[in-house]
Amino acid sequence: MKKIIYLVLVIAFISISINTSFAASWSISSSYLIKDDVNIYKIYKETILSRHQISKDFSDWKKMNSKIEKYFISLYFTNDRKQRLIELEKKLGDILKKNEKRKLTVKEKKVMNVVKNLYLRTILELRKK
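Not measured: the values here are computed from a predicted model. (Residues numbered from 1 in each chain as written. Predicted model: local features only at pLDDT ≥ 70, side-chain atom pairs only at ≥ 80, totals over all residues. Heavy atoms only, no water.)

Asks: What is the right way to read the layout of surface pockets from this model?
Replies: The method is simple in principle: a probe with the dimensions of a water molecule rolls over the atoms, and the space it marks as empty is what remains. Taken as a whole, the largest pocket spans an internal volume of roughly 180 Å³. E46, L49, S50, L96, R102, K103, L104, K109, M112, N113 and K116 together form the lining of the largest pocket. When residues of the lining of the largest pocket are assigned to their parent elements, the largest contribution, four residues, is made by helix α4 (residues 106-127). Partitioned by chemical class, the residues of the lining of the largest pocket number four nonpolar, two polar and five charged. Taken as a whole, the second largest pocket encloses approximately 160 Å³ of empty space. Surrounding the second largest pocket, Y44, T47, I48, F72, R121, L124, E125 and K128 form its lining. Elements with a contribution of two residues or more to the lining of the second largest pocket: α1 (2-57) and α4. Looking at the lining of the second largest pocket residue by residue, the classes come out as four nonpolar, one polar and three charged. (1 Å grid on protein atoms, 1.4 Å probe; cavity = no way out; pocket = protein on both sides within 12 Å on 5 of 7 lines; lining within 4 Å. Points joined across faces, edges and corners; volume = space filled by probe spheres on them. Helix = DSSP H or I, 4+ residues; strand = E, 2+ residues; numbered from the N terminus. Nonpolar A, V, L, I, M, F, W, Y, C, P; charged D, E, K, R; others polar.)

Asks: Even after reading the chapter, I still don't get the packing of aromatic side chains, so can you show me in this structure?
Replies: The description of an aromatic ring pair rests on the distance of the ring centres and on the angle between the ring planes. Evaluated as defined, the whole model comprises one aromatic pair. Geometrically, the ring pair formed by Y71 and F72 is edge-to-face, given 5.5 Å between the ring centres and 75° between the ring planes. A residue is classified by how much of its surface remains accessible, and Y71, at 34% relative accessible area, is partly exposed. (Phe/Tyr/Trp six-rings, centres within 6.5 Å; stacked < 30°, edge-to-face > 60°. Buried < 20%, exposed > 50% of the residue type's maximum accessible area, 1.4 Å probe, protein only.)

Asks: Please clarify how the pattern of salt bridges should be interpreted in this entry.
Replies: Side-chain pairs of opposite charge can arise whenever the charged atoms involved come near each other. Evaluated as defined, the whole model comprises five salt bridges. With a shortest N-O distance of 3.6 Å, R84 and D80 are connected by a salt bridge. By relative accessible area, which is 37% here, D80 ends up partly exposed. (Salt bridge = Lys/Arg side-chain N within 4 Å of Asp/Glu carboxyl O.)

Asks: Help me understand the side chain of T122, please; the structure alone is not making it clear to me.
Replies: In this structure, T122 sits in helix α4. From its side chain, T122 meets the backbone oxygen of L118 in a polar contact 2.7 Å long. Discounting residues that sit within four places of it in the chain, T122 has contacts with F72, L85, L88, E89 and L92. (Polar contact = N/O pair within 3.5 Å; in protein donor to acceptor, adjacent residues only side chain to side chain. Contact = heavy atoms within 4.5 Å.)

Written out as structure tokens, the structure reads:
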């Protein structure tokens, strides 16, 4: 009888330790996935908002948007796509940082919104697999 109880306790202990270690490893990896997903969704949201702002700012916003989309589509057919995106992200990021704390005029705000839209789209393209 003692051997049976001991055997049941050992099996219970082993199963509990396996389940907790699996659950801990799953929660750690899923927390990283959730953070990446949340960041991507935030970037998508900001991209959509900046696109909407472009539609408010410019009368020829459809033409501007189609040019932006055509540029990113054309990048799919180039051999050095990733390198171009990295360079574009760096240049646009520098422009955004440079003008981040500056007081901008209305025209400059409109232009900076287009730059922000390009920057966010570049980040999304770089995160694609």
